[in-house]
Amino acid sequence: MKIESLHFKNINSLKGEHEINFDETPLNTGGLFAIIGPTGSGKSTLLDAICLGLYGRTPRISSVTKNKIEQDGSILTKHQKEAYAKVKFSCNSGTFISTWSISTNRNGKLRDHDMNLWDTQTEKYYSEKKTENQEEIERLIGLSYDQFVKSVLLSQGEFATLLKSNEKERSELLEKITNTSIYRQIGRKVFEKYNHLKSKISKQKNLLEDLQKKLLSTEDLESNNLEKEKLESEEKHQELKITQQEKDLEKLKSKEKLDQELIKESQNLSKFESEFDGFQKKYAEELRKHAKTLDFDEELKDYNALAEKRETLSESINDLKENQSRIHNEIEAVKNKIESLLKAKVEDAEVEKKLNSLLKVYQTLNNERILKRNDYASKKEFLNKELEILELKFQKQSISEFENFLKTQLKTTEEGIKNLSVKLEADKTLEETLKAKNQFLNQLKEAKYDEKSIQELEKQISKTQTIFLKEREELSKFPELITSKQTILEGLEKDLNHLELKKENQNLRFQVDELRKQLKENEPCPVCGSTEHPYSEHMPHIDSELDKKIKEQKLQIKSVSDELSKLKAEKASKSKRIADFENELETSKHNLELKKKGFAENYAGIISELDGKSLEEFEVSVEKLIESLEKLKQLQADERALENSLSILEELDEIRTKGSQLKAEMIELYDGDNLEELISDLKSSWVKLKSGIEHTSQSLLKEKENAKRVKDEILKLQSDLDPKIKASEFSSIAEANSSRMKSADYQALSQKLNELNERVQIQKEKIKGLKNQIQNLNFKFFTDKHEAEKSIQELKEALQETKHKLEEVKRKLKNNRELLEELKTIEKEISEELKANKKWEILNKLIGDATGTEFNKFAQDLSLQRLIHLGNKRLKHLNERYELDRYLPSEDKDQLYVIDNHMGGLRRSVKTLSGGETFLMSLALALGLSDLASRNVEINSLFIDEGFGTLDPETLDVTLDTLERLQAESNKIIGIISHVSTLKERIQTQIVLDRNAQGYSQLEVIG
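The rules behind the values
Residues numbered from 1 in each chain as written. Predicted model: local features only at pLDDT ≥ 70, side-chain atom pairs only at ≥ 80, totals over all residues. Heavy atoms only, no water. Salt bridge = Lys/Arg side-chain N within 4 Å of Asp/Glu carboxyl O. Helix = DSSP H or I, 4+ residues; strand = E, 2+ residues; numbered from the N terminus. Buried < 20%, exposed > 50% of the residue type's maximum accessible area, 1.4 Å probe, protein only. Expected span 1.5 Å × (residues − 1). Phe/Tyr/Trp six-rings, centres within 6.5 Å; stacked < 30°, edge-to-face > 60°. Pairing = 2+ DSSP bridges. Contact = heavy atoms within 4.5 Å. Axes fitted to C-alpha atoms, helices over the stretch in contact; angles between N-to-C directions. Polar contact = N/O pair within 3.5 Å; in protein donor to acceptor, adjacent residues only side chain to side chain. Core = buried A, V, L, I, M, F, W, Y, C linked by side-chain atoms within 4.5 Å. UniProt positions renumbered as here; feature names shortened; annotations may be inferred.

The name given to the protein in an unreviewed UniProt entry is AAA family ATPase, and the organism recorded there is Psychroflexus longus.

1. Side note on the pattern of salt bridges
Working definition: two side chains of opposite charge can pair if their charged atoms are close together. Evaluated as defined, the whole model comprises 32 salt bridges. The salt bridge involving Glu 232 is made with Lys 228; its shortest N-O contact spans 3.1 Å. In this pair, Glu 232 and Lys 228 are both assigned in helix α8 (residues 218–292), four residues apart and thus about one turn of the helix distant. The class for Glu 232 is partly exposed, based on a relative accessible area of 25%. You can call Lys 228 partly exposed: its relative accessible area is 25%. The salt bridge partner of Glu 651 is Lys 379, with a shortest N-O separation of 2.7 Å. With Glu 651 in helix α17 (residues 615–669) and Lys 379 in helix α10 (residues 351–388), this residue pair connects regions lying 272 residues apart in the sequence.

2. A word on helix α1 (residues 43–55)
An ideal rise of 1.5 Å per residue puts 18 Å on 13 residues; α1 measures up with 19 Å between its terminal C-alpha atoms. Taken across its 13 residues, α1 has twelve buried, putting it largely inside the fold. Looking at α1, one finds that the buried residues are Lys 43, Thr 45, Leu 46, Leu 47, Asp 48, Ala 49, Ile 50, Cys 51, Leu 52, Gly 53, Leu 54 and Tyr 55. Gly 56 sits one or two positions beyond α1 and adopts a positive phi of about 70°.

3. Brief notes about the packing of aromatic side chains
Within the structure shown, the criterion is met by ten aromatic pairs. Aromatic pair Phe 22 and Phe 943: ring centres 5.9 Å apart, planes at 70°, arrangement edge-to-face. Separated by 921 residues along the polypeptide, Phe 22 in the loop between β2 (14–21) and β3 (33–36) and Phe 943 in strand β12 (residues 941–945) bring together distant segments of the chain. Take Phe 22 and Phe 943: they sit in the same class, and that class is buried.

4. Notes on the sheet that holds strand β4 (residues 82–91)
Here six strands make up an open sheet; going across it, the order is β2-β1-β4-β5-β6-β7 and the pairing antiparallel. Looking along the sheet, the strands with just one partner apiece sit at the ends: β2 and β7 (124–125). Pairing analysis gives six bridges linking strand β5 (residues 94–103) to strand β6 (residues 114–119), with the strands arranged antiparallel. Of the residues in β6, the one forming a bridge with Ser 98 is Leu 117. Along the sheet, helix α3 (residues 130–141) contacts β4, β5 and β6; its crossing angle with β6, the most-contacted strand, is approximately 50°.

5. Comments concerning the side chain of Glu 265
Here Glu 265 lies in helix α8. Relative accessible area serves as the criterion here: at 6%, Glu 265 is assigned to the buried category. One polar contact links Glu 265 to Gln 763, side chain to side chain, over a distance of 2.3 Å. Setting aside chain neighbours within four positions, we find Glu 265 in contact with Gln 763, Lys 766, Ile 767 and Leu 770.

6. Let's talk about the environment of Ser 44
Tracing the backbone shows Ser 44 in helix α1. You can call Ser 44 partly exposed: its relative accessible area is 27%. Residues Ser 44 and Ser 978 lie 934 residues apart in sequence; the distance between their C-alpha atoms is 10.0 Å. With residues up to four places along the chain from it excluded, the contact list for Ser 44 reads Arg 60 and Asp 945.

7. Topic: the nonpolar core
Counting 51 residues, the largest nonpolar core has Phe 22, Phe 148 and Phe 943 as its most contacted members. The element contributing the most residues to this core is α1, with eight residues.

8. Some remarks on the environment of Leu 32
By secondary structure assignment, the location of Leu 32 is in the loop between β2 and β3. Exposure remark for Leu 32: the relative accessible area of 2% places this residue in the buried category. Placed 198 residues apart in sequence, Leu 32 and Lys 230 show a C-alpha to C-alpha distance of 104 Å. Leave out the neighbours within four places in its chain, and Leu 32 touches Leu 960, Leu 963, Glu 964, Gln 967, Ile 974, Ile 976, Ile 987 and Thr 989.

9. Examining the environment of Leu 46
With respect to the helices and strands, the residue Leu 46 is situated in helix α1. Leu 46 sits in the buried class, given a relative accessible area of 3%. Leu 46 has contacts with Leu 6, Phe 8, Leu 14, Ile 20, Ile 35, Ile 991, Leu 993 and Leu 1003, leaving out every residue within four places of it along the chain.

10. Considering the sheet that holds strand β10 (residues 897–900)
Across the sheet, which stays open at both edges, the three strands sit in the order β9-β10-β11 with antiparallel pairing between neighbours. Each end of this open sheet is capped by a strand with a single partner; those strands are β9 (882–885) and β11 (906–909). Neighbouring strand axes in the sheet, compared pairwise and without regard to direction, differ in orientation by 30° on average. Bridge count for β9 against β10 is four bridges, and the pairing is antiparallel. The residue of β10 that forms the bridge with Asp 885 is Tyr 897.

11. A word on the UniProt feature "coiled-coil region" (unreviewed entry) in the protein
When the UniProt feature table is mapped onto this chain numbering, "coiled-coil region" (unreviewed entry) sits at residues 194–275, 303–337, 454–521, 550–584, 615–652 and 700–836. Along residues 615–652 the backbone is 100% helical and 0% strand, and the end-to-end C-alpha distance reaches 55 Å. Across residues 700–836, helical content stands at 88% and strand content at 0%; the span's end C-alpha atoms are separated by 123 Å.

12. Notes on unusual backbone geometry
Omega for the peptide link from Thr 25 to Pro 26 comes to 10°, which places this bond in the cis form. You can see Pro 26 is positioned in the loop between β2 and β3. With a phi angle near 55°, Asn 10 is a residue other than glycine that sits in the positive phi range. Here Asn 10 falls in the buried class, since its relative accessible area comes to 2%.

If you want it as structure tokens, here you go:
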């Protein structure tokens, strides 16, 4: 995995957009590179941005949420509305861009952050869900967040603490550094699992003891079994006796039901016989007489049908006669209307011809009138189109009045044209003149705009000239100010040198204090030989405020130096600004000359016509001329429209006169609304009535013939029927008809009589069957129902008591069986639990405890051994003299030891190491952890944070040589974060961060 570029915006103090391309020159060609800058400039922010872009987390903030950002004021640069971190990285699966971003809504509140993953090969986003993107990033890189931080971002400070901590602290640090808290959790979980199973088995054993106490003894079990057999035998005997007695009871109940049913059915028989007798008395005679007519039934039906038909024909003949008379009257009425319309008498045969002739003449006149009306409308529409330009409209006005009005308007228009004193050029029309004047006006406006632009540029040049002179005057004061500050600074530095010299002398005095104390009175001084030693007891006065004065002098020098730097910076800034003003003035003056020259060339024609006027005044005069030409154009158009309208009005008057004549002729023929509809109705009525009278006459003749035929048939049938009537008990056809019933009534009454007789016979058979059932019933125990019920109830109560006793005995026996089964189950479970818990018992003895400390300690010892092994590999490249090792049994287990190969393998505590040696050990361990964390993943990006300030120049060179060799061998990009000035000289490729007065930082890549 390799980080190719970092692109971020508004992260912590780095305001705005910043981009670092690790895979481009100079960062990919210069070996190591340094990330340098003063404290607080944002060096660690670069690492934060990388972690944000990949994992949405940073080493300094465990959980990056919108609430955390708002509360702490972290991540998002102050007063900014959005931030993002974009990391381009390559791995075995390809090249990807991971982006973390956050922004505010329109209310200024932060939204939830977004996380995107872009595949540069497919040019597609992986997912819209943040969690899925995060999981995919971890899969692609092959490292979790914690592994990434330990493998790529190395902080030797944690390892410096690790080296000098005691065993407990070292274990805790290792757990934090290697992220192996899982072993503590495993130890605790093993302890908890073992104790849980142990508690469960204990509860099961207690339950087993309780169940054994509840079991029946052998004697009680045998007694209950005998009692069960006795009660089961007694139960069967009681149930058999109840069954036998219940059969007699059922028979007694059946007999009681049958007796009741026999009484009921006997009553029904009496009722059915009574209904049969009553029906027979009521309808028997009628049915007998009707049966007598059945011998000549068909002849009688034919006779009755012919008689009915004769009556119908008689009524039809009367109706036809009445209808014939009505149609004659209607024909006369319609003929009167037709003669009235034609205004003459007319024969029946000539009616349709005369009506058609009248309609044809009327329609011819009407068609001519319609043509004139359409012509009038068309001319009127054409007239109104001509009048549109005059904003007039001819609607329902009098033609003569409107004609007088237009003539007046025409006269006024002609006078207006004469009054306009506009002279056109001889070779140009009004349209051409107007077009030319408008083009001239547009050019005039452009000239006016360009003139204004020239005036504004002159004003700007004047304003810039004033500022330029003022700035130059202010710049002339700076040399004097800078010289004054330099003089003050030199004086302060001279005073500081004097104070520091006094400090050196004072230090020399301290060094001879011990020698003075050894001087003895009257003995020669070994230095000067004097026998008097006045300062051995009375030392000269020492200025105790000298350090304070030196510090104050340095602060004063720094203050004056800062002021001098500020003056020089202001002078440089002002000089640059003056130079810019000079360039701007030169450019503006040049542009002004070009504009003036262009103006004179482009608008020479306009300038020649000004005649002392300004452009504004000349523009007004041209606009007035154009206005007069436009007015002349409008008046000429009005004149043409008025002349055309008067011509059209004359044509309209002629059309209107001819239309009035046609209308009078039509009224003379017919003064009504719709002649065509009237004639159509009259013709239709005439034809319909003529057809009706003819049809009615034919129908009347036919009905009279039918009536004669029916009369003859009746006479013939009557002569055949009379002998049969007289042979029966009837005296005439009329008497026979009166004795007949409707066929349906006869059938219904006959059927009803048969049904009543049949019902009586069925009921007699039913009663006979009931009597046979009662006789067939046999009883074994009882003949009285109440005695049977009482006996059965007593037996059931005794049986219930027996069942109750039996159930109680069965319950005891069943409970005992269930207890035995439960005992076996629990014993089996205890056996299985003990077998299963054996491994947890062993694990608990080995690694389990309440806090998980034992297993965690064991795991951390292994991690420490592996880490020391990998660290020693890296340390060998840094410094062959030393080798790290754990404590021996005879040594202090709270310490780590270093083997000094240059001192014959001498072992000593790491606490005796110097600051530089400690850094080398820490760096070796940090590189070892990187190897450990990335053992399954190739890491081609590495960042090392701080610690180089403790190294002497020679060790620093060795360390940097080792890192350069590591970079060359592995092709890694290795960045070193530090503010050590020596690194700036040694490592030429740098990412430099600088913080301004507002607290914001900028970065620059230097090759």
